[in-house]
Amino acid sequence: MKKRIHFILIFITLAMLLSACFISSGYYLPHFEGQIKDERSWKFADENSRPENIELPYSFSYEGDKTYTLSTVIDYYPAETEAPYAFIDMNHMYFSVFIDNKQIYKYTKEDTPSYSKSPGNAYAMIPLPQDCGGRTLTVKLTPTLESGIKYRIDKAVFGDYAAVMHRYFWLGVTHNIIVICILFVGVMLIVLSRLVPREGSKGDTFNIGMFALTVGLYSLSENRFNLYMISNTYLTYLVNFIGFAAIPIPITAFFKNKVHQKFTGTYNCVTAALCLNLAVQTALHFLGIMDLRQLLFVTHICYGVSIILIIVTLALTPKSCNSDKKSLIISVIPVAAGLAIDAAIHYSGMIERVSNTFFLQLGVLFFLIIQAVRVLSDILNAYKENIKSDFYKSLAFKDGLTGLFNRTALNNELNRLAAMRIPPEDLIFLCADINNLKQVNDKYGHEAGDSIICQTADFLNIYLGKFGGVYRIGGDEFTAVLTGISESELQNRIDSMYNKITEYNRSAPIQLDFAVGFEKLSKSDTISDCMNRADKKMYVNKRLKKENR
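Calculation notes
- Residues numbered from 1 in each chain as written.
- Predicted model: local features only at pLDDT ≥ 70, side-chain atom pairs only at ≥ 80, totals over all residues.
- Heavy atoms only, no water.
- Helix = DSSP H or I, 4+ residues; strand = E, 2+ residues; numbered from the N terminus.
- Expected span 1.5 Å × (residues − 1).
- Buried < 20%, exposed > 50% of the residue type's maximum accessible area, 1.4 Å probe, protein only.
- Phe/Tyr/Trp six-rings, centres within 6.5 Å; stacked < 30°, edge-to-face > 60°.
- Lys NZ or Arg CZ within 6 Å of the ring centre and 35° of its normal.
- Pairing = 2+ DSSP bridges.
- Axes fitted to C-alpha atoms, helices over the stretch in contact; angles between N-to-C directions.
- Core = buried A, V, L, I, M, F, W, Y, C linked by side-chain atoms within 4.5 Å.
- Contact = heavy atoms within 4.5 Å.

Visitor: Please explain unusual backbone geometry as it appears in this structure.
Guide: Backbone geometry follows two general trends: most residues other than glycine have a negative phi, and most peptide bonds adopt the trans configuration. Between L56 and P57 the backbone carries a cis peptide bond, its omega angle lying at 0 degrees. With respect to the secondary-structure elements, P57 resides in the loop between β3 (52-55) and β4 (58-61). In this structure, D100 is a non-glycine residue whose phi angle is positive, near 50 degrees. Its place among the elements puts D100 in the loop between β7 (93-99) and β8 (102-107).

In structure tokens:
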């Protein structure tokens, strides 16, 4: 029943989140009224062919060592109050921009590291002259990858800088909210992994947190608004592809601990292959042998293998090995579905996308919320168990009447001290015994006797408790094991305690009286001998008190 309620709450939260995003996306602040022009009509040609009329976005297959030209007449006439810009995206191509054959921007091989074969998802915000309207804008493109790769030119936008950025912000608001939620859950889980009491759960929670952080950082590099805020396109390119290749590693490590032990070897092999894929791709890139984009299909294969492995092994794991098996399968299905949808969109090109992994991110968010609820539930349950454990420990080691430690606790402490090679140099044992407790019980009753015992315990604890443990070891017998105080300081505290007891007895209906004796442990002493001497001193003190009455 609880699991069903959790799923209902998660579904309602996601539904409200997505509804709010889509409803709000049509509303804009009134001062963002600058012009925006989506220029779709262009002429496109390679160096050996005549220009053809195309509409952006446009895909073409690169054949041989060619350069291409993309041109249009700018149909955007900025007002004097506007800051005119051209927003251009050229995937894996270097490019130069001209207005009426005058170069106004370039992004060339010199702008990226020498070992990189590609500039990545190149994008630029190019300032335009105020009189750009009606003039010819030309983009010269130089593809960077090998022949046969399909390139995509996204639509170009002309307009006022603030207005265009405002539009991209709202176009990506749903994506950004999802990414922020994923990053928040990731950070929360990594922090909570330090609080989870069970070792296995610590690792699981940490793996999920790392999975969320990796997905979140990768996703930040997918949104155009975020990209336009960062001038280093090469850095975002590395985060995009290396981050994407790293995502399956922590989630596979998480599910390894959720399936039957017979699948451990298979998971080890797959995890090793995922790590090898990440290492090889990174090495090939930095050695200048192959570009990360060219190895993307290998990463997609790794994703598919990981998802199939997780679902199949969960299905084959007996419920007796994992009682949460059903909820885990339900939580991973949206991830698998999102990955399948995004892969289909990527390879077919049938849908113009805002993000290459939008549906995967939705599935990941659903999965993370379920796991975050489970982790919080585990922590709360563990907290309750710790409270119960502390309560039972208090019953075992605490005296029920006074709240002091009991004889069992004293024996544990003495065993601990005996096991030490070098006991504390200032270790002092103190013994105390209530005078005339039997007479109090006989004359006033056991409730009065219990009151005297509790008063004695309070005085001993107030004056001695800060220096060690105070123990009730019998009906009227007490012991204290003290450190951090000298014999003279201890005697002063005992004298102060007796003065306070004298003051207390002036108005008390039943007189409180107890004797104490203490002894410091010497290097030649045994703990038993030292305690016996303290006990004898206590009885001497007891006898003197009776003689002085």
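Next comes the rest of the write-up.
Visitor: Would you take a moment to explain helix α10 (residues 325-348) for this structure?
Guide: Residues separated by three or four positions in an α-helix point in the same direction, a consequence of the helix having 3.6 residues per turn. Across its 24 residues, α10 extends 34 Å between first and last C-alpha, which sits within 8% of the 34 Å expected from 1.5 Å per residue. All buried positions along α10 are accounted for by K325, S327, L328, I329, S331, V332, V335, A336, G338, L339, D342 and I345.

Visitor: What is the right way to read the packing of aromatic side chains from this model?
Guide: Aromatic ring pairs are reported here in terms of the distance separating the ring centres and the angle at which the planes meet. Summed over the entire model, instances satisfying the criterion amount to 23 aromatic pairs. Ring geometry for Y85 versus Y161: centroids 5.0 Å apart, planes at 55 degrees, classification tilted. Of this pair, Y85 sits in strand β6 (residues 84-91) while Y161 sits in helix α2 (residues 161-171), placing them 76 residues apart in sequence. With a relative accessible area of 21%, Y85 lands in the partly exposed category. Taken together, the ring pairs in this structure connect F44, Y58, F60, Y68 and Y151 into an aromatic cluster. For K140, the ring lying beneath its charged end belongs to F98, and the centroid distance is 5.1 Å. Just above the ring of F405 sits the side chain of K398; from NZ or CZ to the centre is 5.4 Å.

Visitor: Sorry, what's going on with the sheet that holds strand β10 (residues 136-143) here?
Guide: Backbone-to-backbone hydrogen bonds join strands into a sheet, with any given pair of strands oriented parallel or antiparallel. Judged by pairing direction, the sheet is antiparallel, and its six strands sit side by side in the order β3-β2-β5-β10-β7-β8 without closing on themselves. Lying at the two open borders of the sheet, with one neighbouring strand each, are β3 and β8. Strand-to-strand twist in this sheet, taken as the mean axis angle between neighbours without regard to direction, amounts to 25 degrees.

Visitor: How should I be thinking about the pairing of β7 in this particular structure?
Guide: Along β7, seven of the seven residues are buried, which leaves the element largely enclosed by surrounding structure. Alternating residues of β7 divide into M93, F95, V97 and I99 and Y94, S96 and F98, and every residue in both groups is buried. Sheet analysis places β7 next to β10, joined by seven bridges and oriented antiparallel. Bridged to F98 within β10 is T138. The pairing of β7 with β8 spans five bridges and is classified as antiparallel.

Visitor: Explain the nonpolar core to me, please; I cannot follow it from the model alone.
Guide: Soluble globular proteins: nonpolar side chains tend toward being buried together. Membership of the largest hydrophobic core comes to 51 residues, with the highest contact counts inside it found for I182, F211, F255, V364, F367 and L368. Of all elements in the fold, only α3 (173-192), α4 (199-220), α6 (233-246), α7 (248-256), α8 (264-286), α9 (296-316), α10 and α11 (358-397) reach the threshold of two or more residues within this core. The greatest single-element share of this core, amounting to nine residues, is contributed by α11. In this structure, I182 is in contact with A212, V215, G216, Q361, V364, L365 and L368, ignoring residues within four places of it in sequence. Y58, Y68, I126 and C132 belong to the second largest nonpolar core, which has 33 residues in total.

Visitor: Can you help me understand the sheet that holds strand β15 (residues 477-482) in this one?
Guide: What the four strands build is an open sheet, ordered β14-β15-β13-β16; its pairing is antiparallel. In this open sheet, the two strands that pair with only one neighbour each are β14 (468-472) and β16 (514-520). Averaged over all neighbouring strand pairs, the angle between strand axes comes to 15 degrees, with direction disregarded. For strand β13 (residues 428-434) and β16, the ladder comprises seven bridges, and the chain directions are antiparallel. Opposite I428, over in β16, you have K520 as the bridge partner. Along the sheet, helix α12 (residues 407-419) contacts β13, β14 and β15; its crossing angle with β14, the most-contacted strand, is approximately 140 degrees.

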